[in-house]
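Here is how the chains run, residue by residue.
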Amino acid sequence: MLTIGTLANIKHILQKELFNSSGERLLSVVTVTKTFKKKDKRACYLCVLTTAPPVPVVTLCLVKQYEQRDSEYKRKRSWQLDEIKWIDGRNEQFETHEFDIQLEKLYKWYALNLHERQNFLAVLNRQIQKYVRGPRAEFRNVPQAWLSEKSPEKIAAGREGRAGNVTQKPTNSDDEEDEEEAQEFTALTDKEANELGKLFSECDFAIKDAEQFIEQLSKELHDLDGANMQSVLASEQKVLKMMEHIDNAITEADKFETRLDTYEDILGHVKETMEKIGGKNAMIEIANNNNIKLMKELNKVISQLDLPHSHQQALEDPDLKTAAGRKAAIAAAQCLQQAMNSDIDPALLRLEAVQDQRKRFEKWKQKFSTTVSRFLNNLFIHLGNEIGDMPLTTTELVLPNHSNVHRELTPYTELMHWSKAMDRKTYDGLMRVYTASLSKIYDRDIRNFFNLAKLQVSDKLRNSREDLDMSTSSRKSAVSTIPYGTLGINRDQWGPGVDSADRVRFDALLEKVLAELEPIALQEQLFCINFFQMDVISPTTKNTQTTLDMEKDKGVDMSQSFNASTASPTSASTDAGGVPQKRIDRQINEEVRKLMMGLFSCLEPELVSFIQSFERVDSFYSLYVLVRLTQHVMSAQDTHSFLSMTFASALVQVKRNFDRFMQQQLQSIKEAKLPKRSKAILPYVENFENFAQTAEGIFRKSDRRTDMEKWYLQLVNAIFEGISIHSQEHPKTPSQVVRMENYHHMYSLLAQLKVPGLDALKKEAKIRYNDALKAYVTQYFGRPLEKLNQFFEGVQQKVAQGVKETEISYQMAFSKQELRKVISQYPAREVKKGLENLYKKVEKHLCEEENLLQVVWHAMQEEFIAQYNYLEERIQKCYAGAMINLEFNIQDILAFFSDIARSH
Amino acid sequence: MSKKPTAGPALHKVIMVGSGGVGKSALTLQFMYDEFVEDYEPTKADSYRKKVVLDGEEVQIDILDTAGQEDYAAIRDNYFRSGEGFLCVFSITDDESFQATQEFREQILRVKNDESIPFLLVGNKCDLNDKRKVPLNECQVRAQQWSVPYVETSAKTRENVDKVFFDLMREIRSRKTEDSKATSGRAKDRCKKRRLKCTLL
């Protein structure tokens, strides 16, 4: 059981831990457990709290102690006093531990300590009495004494007979009102207690006799005053003496100071001298260092600028013809180049000796360069002439290979590179000479090559022409100007053309030409790039300036020329530094292309003229040339190379021709005129088959398919339009028949072609064919039973006007007699004759080619039977019971049909 | 280069007959354009022409694709009359279509008045063998009775499609050469056959 001490302790702890921070004060606390929770015997604390005055707010509060940490408390809930409905002590006896509080619900508590419980209830009661304005909580089963004015502690203390160590204050008031304040005690600090104790021990007597104490104190004060006065008077003499001493001391100090000054003077001189000596030493050291550096620098310059005698000799009189001499010359030249581009401080360049050496270098360089230039110049021209003298092959279609020239020149590659770096003018000159002498050869080769190729074209043409002339004989007096294959013109009016076998040969020829051109051009390009070092970017001007030239544009050019002269081709990309790779490539390409253009100047015009030679022979040439060239342009890896560009520009022309050709075809369809004695199939419909098969043969697997398909669409649309227009103009054949047969033909063609893009038009053709068939059968077929039809049309009109079908026979014009009269005009014999005539007429209209007679006749038979059925049905409806029938029945009709069938 | 339109290649006229839906049009389209159309749309009458190489000789084939259903059989007389050879098609999955071939055969013989007219009995849809309704030997027996070849085809898989057309063309060709050899002899034959026919009716 908890004692009051522990209760106070708890109270103290809670006050400190929880409520001090919020400025609240703990009035009473009771340690409780919830009675209904048997297991959870963990104690909580019910507290009565008040805030500080002047407006104290008293609350009831439930505090819990954390299980994990014993020292920590937490406020669980709090209620205002007026929230308390009633409090039940259960039993008025003191030993009761339980009590209930009705708040928002009933709380049942078990107080661990009876005193706490009592105190708590009493304090709670008092606070309620004091602060709750409205209906106050009722206290049940609580001893009346607790609710009276008596302090519960006092009662408890009295009853237990033990002094509650509640407060330490000596003046513990019993006053009810002050009790709260009394509980708020302040402990004396240790220091204060000590001071107080000391005071008490010293002035032990004072407490007994205060007056005597005062007297003693004033007497002491008086004594002290007197002593003070005396000492003040005595000190005056001493002060005077003191003054004198001080004066003496001052004069002594002055003297000492002047002495110190002189010493300092002397020392100052010494310091100056010392500093001067130190400075001199440093200077000597610097001079020494500089001398060493200068020595090093000079050594470097001399070693860099030194050109061994053997090299000098090699430069003076190079022997470029022999391999050994070449090797020496190249080594010397490279040495010279290195020396001339040595990394020397610009300031050193001003040295007379350096400049002299530079001039000497310059002389050597000039001399060597001229020698090289002359030598290579001669070599180029010689090689050019040598090949030029060689006879050309005149039979085989081959472009000669000039790798022997390249082999001849390869040993001089390094000299060329040197000359590029060191003497741009010479280099440019050499390049010009090379281009001039080689382009002569290539010109000749290419012209010859293309002439041969063209000859082969016309050869083949001549052969086929002869065949043509033989077969068509002299019937054609004037040569027709209409190109072969023109869609809108009848076949027999076309000019001469070539057949597909020739076309295949032409295509093969073109392929051979293109295939021949490619390796030659590529080989030459590769050689040029290597020989003229064109894959290294170089500034176009002032390249010959070396690092030893210091006068002008020094800073700008130095790095560039250095790069250009020392960089090997392989490291070109890394050396070029800031310039982006793409631009370098483009520039290189540009230069290479320029050179190639010079070498192969006649290639493009010759190629174009060769391609044009096809045009004269075969109007379809643009189709396969387009496909073939596209293949070559697309398969080229280097799209910017000279050859690719040349092919591409030729391709552009061919595409233009292709489009023009198609445009002409389109135009010819629109302008087509009907031949007088033609049958139903229009010329362009007939010609389209051959055209489309040719085009498909060329384009089937090509990338260019889409180009052709675009034109297919336009052409087929134009053909459809043309059919509609021309069907009206046909002299003999009815327009329905023209449409029917032509659309039937087109449908069949398109179905065979299987061009995916034309699928919609194929369906369209079928629809148009069916429409035309229906139109022909219903309109042209007319009505072999014309008058009967007219009669019943009249009947239908009457019916529409409101006459009942059964009363039609009472109309004058439509009486049974009238009907019999009309029917009698159509005896079976007549009907049969009519049908036979119709069959003959249809047979005449239709052309053999499309074989539509059976289809049309089938439709007409059905149509006739439908008409017969209609008439019979009308008669049965309108003249029922009159026993009127047509003079022939369905069996007769079928017999007629069978007879017609048998008679053909 | 020079093709005179008048002296064109030999022309063989083939007629497709058989009940509705057995695949006459499908066979024709497969032969003509190498395509197979799944959707069924009844034919009225369609005419096709194609150039083919028959045993090294360029010939033209005219195909008349006809309607399976017809209100009056007599309507067919005219095109039967125009035909030089017949592909009589039925579906092996449809017994009725097989029975109908008898009628077609009789009409053709009546119209052509010729027992030995080039004629092939064609069992189509052989890709659907698991749905077969007409036993193979029954077909073969009938073909034997008529003394005509029997071929099973599939317009869907193109099996035997070329074969039936080319076989028929060969028969037509050999008939034509035979005809041109002895026209007088034929006339007698025909009379004989006709008589035979009459007794049948």
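As recorded in an unreviewed UniProt entry, chain B goes by small monomeric GTPase and comes from Drosophila mojavensis. As its UniProt record puts it under Subcellular location (unreviewed entry), chain B is described as follows: "Cell membrane". Listed in UniProt under the heading Sequence similarities (unreviewed entry), the comment for chain B reads: "Belongs to the small GTPase superfamily. Ras family."

Identification of chain A as Exocyst complex component Sec3 PIP2-binding N-terminal domain-containing protein from Drosophila navojoa is taken from an unreviewed UniProt entry. According to the UniProt record, the Sequence similarities (unreviewed entry) comment for chain A is "Belongs to the SEC3 family."

Student: Looking at this structure, I do not really get the overall build of chain B. What am I missing?
Tutor: In terms of helices and strands, chain B carries six helices and six strands. Listing the helices and strands of chain B from first to last along the sequence gives β-α-β-β-α-β-α-β-α-β-α-α. Per-residue burial for chain B yields a buried fraction of 39% across its 201 residues. Relative to all contacts within chain B whose residues are 6 or more apart in sequence, the contacts with residues 24 or more apart total 73%.

Student: So what exactly am I meant to see when it comes to the overall build of chain A here?
Tutor: Scanning chain A for helices and strands turns up 29 helices and eight strands. In chain A, buried positions account for 29% of the 904 residues. Taking as baseline every contact in chain A between residues at least 6 positions apart, the subset at least 24 positions apart corresponds to 69%.

Student: So what exactly am I meant to see when it comes to the pairing of strand S1 (residues 24–34) of chain A here?
Tutor: When a strand is regular, its side chains alternate between the sheet's two faces. All names here are of chain A. Counting buried positions over the 11 residues of S1 gives eight, a clear majority of the element. In this sheet, strand S2 (residues 44–51) lies alongside S1 in antiparallel orientation, the contact comprising eight bridges. Bridge pairing in S2 links Val 32 to Cys 44. As defined by bridge partners, S1 adjoins strand S7 (residues 106–111) across three bridges and the pair is classed as antiparallel. The residue of S7 that forms the bridge with Val 32 is Ala 111.

Student: In this structure, what is going on with the nonpolar core? I would like to understand it.
Tutor: One recurring pattern in soluble globular proteins: nonpolar side chains tend to sit buried together. Membership of the largest hydrophobic core comes to 181 residues, with the highest contact counts inside it found for A:Ile719, A:Val856, B:Leu87 and B:Cys88. Among the elements that take part in this core, helix H13 (residues 424–472) of chain A stands out by supplying 12 residues, more than any other. Setting aside its immediate chain neighbours within four residues, B:Leu87 contacts B:Val14, B:Met16, B:Leu120, B:Val122, B:Val164 and B:Leu168. In terms of nonpolar packing, the next biggest core, distinct from the first, is built from 36 residues, A:Ile10, A:Val32, A:Phe99 and A:Ile128 among them.

Student: What's the story with the sheet that holds strand S4 (residues 85–91) of chain B in this structure? I'm lost.
Tutor: In sheet architecture, strand pairing relies on hydrogen bonds along the backbone and comes in two forms, parallel and antiparallel. Residues and elements named next belong to chain B. Spatially, S2-S3-S1-S4-S5-S6 is the arrangement adopted by the six strands of the open sheet, whose pairing is mixed. The two strands at the open ends of the sheet, each matched to only one other strand, are strand S2 (45–54) and strand S6 (150–152). Shown here is a sheet whose adjacent strand axes are inclined to one another by a mean of 25°, direction ignored. As judged from the three bridges shared by strand S5 (residues 119–124) and S6, these two strands associate in the parallel manner. Looking at S6, one finds that Val 122 is bridged to Val 151. Packing against the sheet, helix H3 (residues 95–112) makes contact with strand S1 (10–18), S4 and S5, and its axis sits at approximately 160° to S4.

Student: When you look at the interface of chain B and chain A in this model, what are you seeing that I'm missing?
Tutor: By a frequent convention, interface size equals the accessible area lost on bringing the separate parts together. Across the contact, 21 residues belong to chain B and 26 residues belong to chain A. Among the residues forming the side of chain B that touches chain A, the class breakdown is 11 nonpolar, four polar and six charged.

Student: Could you clarify how one ought to interpret unusual backbone geometry in this entry?
Tutor: Most peptide bonds take the trans form, and the phi angle of most residues other than glycine is negative. Residue and element names in this part refer to chain B. With a phi close to 65°, Lys 125 is a non-glycine residue in the positive phi region. Looking at the secondary structure, you find Lys 125 in the loop between S5 and helix H4 (136–146). Residue Lys 125 is classed as buried on the basis of its C-beta count, with 24 C-beta atoms lying within 10 Å.

Student: Help me out: how do you make sense of the environment of A:Phe814 in this one?
Tutor: Within the secondary structure layout, A:Phe814 lies in the loop between helix H25 (786–801) and helix H26 (816–824). The spatial distance from the C-alpha of A:Phe814 to the C-alpha of A:Cys878 is 9.9 Å, given a sequence separation of 64 residues.

Student: What am I meant to see in the pairing of S5(B) here?
Tutor: Residues and elements named next belong to chain B. Among the six residues in S5, six count as buried, and that is most of the element. Burial of the side chains of S5 extends over both faces: Phe 119, Leu 121 and Gly 123 are buried on one face and Leu 120, Val 122 and Asn 124 on the other. By the bridge criterion, six bridges tie S4 to S5 in an arrangement that is parallel. Counterpart to Leu 87 in the pairing with S5 is Leu 120. Handedness of the crossover is the feature at issue here: the chain leaves S4, passes through H3, returns alongside S5, and the resulting connection is right-handed.

Student: Looking at this structure, I do not really get the packing of helix H19 (residues 621–635) of chain A against helix H21 (residues 683–699) of chain A. What am I missing?
Tutor: Two measures define how a pair of helices packs: the angle their axes make with one another and the distance between the axes. All names here are of chain A. Running from N to C, H19 and H21 cross one another at 10°; their axes reach a closest spacing of 9 Å. Relative to H21, H19 is oriented roughly parallel. Facing H19, whose interface residues are Leu 623, Tyr 624 and Val 627, H21 presents Ala 695, Ile 698 and Phe 699. Grouping the amino acids of the contact of H19 with H21 by side-chain chemistry returns six nonpolar, no polar and no charged.

Student: What is the right way to read the sheet that holds S7(A) from this model?
Tutor: All names here are of chain A. Read from one edge of the open sheet, eight strands run S4-S3-S2-S1-S7-S6-S5-S8, paired in mixed fashion. The sheet terminates laterally at strand S4 (73–80) and strand S8 (138–140), the two strands that pair on one side only. Ignoring which end each strand starts from, the neighbouring axes of this sheet average 30° apart. When strand S5 (residues 86–88) meets S8, the two strands line up parallel, connected through three bridges. The residue of S8 that forms the bridge with Asp 88 is Arg 140. On top of the sheet, helix H2 (residues 114–131) reaches S1, S2, strand S3 (58–65), S5, strand S6 (98–102), S7 and S8; it is set at about 130° to S1, its chief contact.

Student: Could you clarify how one ought to interpret the packing of H19(A) against helix H20 (residues 642–670) of chain A in this entry?
Tutor: All names here are of chain A. Here H19 crosses H20 at 155°, and the two axes come no closer than 9 Å. Considering the angle they form, H19 stands roughly antiparallel to H20. You can see that H19 and H20 cross each other, and the crossing is left-handed. Here Ser 622, Leu 623, Val 625, Leu 626, Leu 629, Thr 630, His 632 and Val 633 of H19 come into contact with H20, specifically with Ser 644, Phe 647, Ala 648, Ala 650, Leu 651, Val 654, Lys 655, Asn 657, Phe 658 and Phe 661. A breakdown of the residues in the contact of H19 with H20 according to their chemical character gives 12 nonpolar, five polar and one charged.

Student: Just checking my understanding: could you explain the environment of B:Glu152 for this structure?
Tutor: Residue and element names in this part refer to chain B. Along the chain, Glu 152 turns up in strand S6. Considering only alpha carbons, one finds Glu 152 and Leu 136, 16 residues apart in sequence, at a separation of 9.2 Å. Apart from the residues lying within four places of it in its own chain, the contact partners of Glu 152 are Ile 92, Gly 123, Cys 126 and Asn 160.

Student: Just to check I follow, could you spell out the confidence of the model for chain A for this structure?
Tutor: Caution is warranted with low-pLDDT regions, since their predicted coordinates should not be read in detail. All names here are of chain A. In the predicted model, chain A carries a mean pLDDT of 75, and 79% of its residues have values of at least 70. Low pLDDT (under 50) marks residues 539–544, which in the prediction has 12 contacts with non-local residues, meaning those over four places away or in another chain. In the predicted structure, residues 551–577 sits below a pLDDT of 50 and forms 33 contacts with residues beyond four places in sequence or in another chain.

Student: How should I be thinking about helix H27 (residues 828–845) of chain A in this particular structure?
Tutor: In an α-helix, one turn spans 3.6 residues; hence positions three or four apart end up facing the same way. Residues and elements named next belong to chain A. The end-to-end C-alpha distance of H27, which contains 18 residues, comes to 26 Å, matching closely the 26 Å that a straight helix rising 1.5 Å per residue would cover. Turning to H27, its buried residues are Val 831, Tyr 839 and His 845. One face of H27 carries all of its buried residues, which in axial projection span an arc of 125°. Turned more than 90 degrees away from the buried face of H27, the exposed residues are Arg 829, Asn 837, Lys 840 and Lys 844. In this fold, the buried residues of H27 make contact with helix H23 (735–753), helix H28 (853–878) and helix H29 (890–902).

Student: Help me out: how do you make sense of helix H22 (residues 705–729) of chain A in this one?
Tutor: With 25 residues, H22(A) should cover 36 Å at 1.5 Å per step; its first-to-last C-alpha distance of 35 Å lies within 8% of that length. Within H22(A), the full set of buried residues consists of A:Met708, A:Tyr712, A:Leu715, A:Val716, A:Ala718, A:Ile719, A:Phe720, A:Gly722, A:Ile723, A:His726 and A:Ser727.

Student: It is not clear to me how the confidence of the model for chain B should be interpreted in this structure. Could you clarify?
Tutor: Residues and elements named next belong to chain B. For chain B, the average pLDDT comes to 84, and 86% of its residues sit at 70 or higher. Counted against residues more than four places away or in other chains, residues 1–6, with its pLDDT under 50, gives six contacts. A low-confidence stretch, residues 190–201 (pLDDT under 50), is modelled with seven contacts involving residues beyond four sequence positions or located in other chains. Here the predicted complex scores 0.59 on pTM and 0.82 on ipTM.

Each value, and the rule that gives it
Starting afresh in each chain, residues are numbered from 1 along the sequence in its written order. Working convention: letters from A go to chains and numbers from 1 go to ligands, in the order in which they are written. Totals for whole chains, interfaces and linings use all residues, but because this is a predicted model, local features are given only for residues with pLDDT of at least 70 and pairs of side-chain atoms are given and counted only at 80 or more. UniProt positions are given in the numbering used here, feature names are shortened, and annotations may be inferred rather than shown by experiment. The helix and strand labels rest on DSSP assignments: H or I over at least four residues marks a helix, E over at least two residues marks a strand, and numbering proceeds from the N terminus. Residue burial here comes from a neighbour count, namely the number of other C-beta atoms, placed from the backbone, that lie within 10 Å of the residue's own C-beta, with 20 or more meaning buried, 12 or fewer meaning exposed, and in between meaning partly exposed. Two residues form a contact once the distance between their C-beta atoms, set from the backbone, is within 7 Å. Two strands make a pair as long as DSSP finds a minimum of two bridges between them. By convention the nonpolar core is taken to be a set of buried residues drawn from Ala, Val, Leu, Ile, Met, Phe, Trp, Tyr and Cys and joined through C-beta atoms within 7 Å. To get an axis, fit a line to the C-alpha atoms, keeping to the stretch in contact for a helix; angles then go from 0 to 180 degrees between the N-to-C directions. Here the nonpolar group is Ala, Val, Leu, Ile, Met, Phe, Trp, Tyr, Cys and Pro; Asp, Glu, Lys and Arg are the charged ones; every other residue, Gly included, is treated as polar. Handedness of a crossover is defined as follows: orient the strands so they point away from the viewer, and if the path from the first strand over the helix to the second runs clockwise, the crossover is right-handed. An angle below 35 degrees is read as roughly parallel, one above 145 as roughly antiparallel, one from 65 to 115 as roughly perpendicular, and any other as oblique. Note on convention: the crossing is left-handed when the near helix lies turned anticlockwise from the far helix by less than a right angle, right-handed when the turn is clockwise. The pLDDT score gives, residue by residue, the confidence of the prediction method on a 0 to 100 scale. How far a helix is expected to stretch is found by multiplying one less than its residue total by 1.5 Å. This arc is taken over the directions from the axis of the helix to the C-beta atoms.

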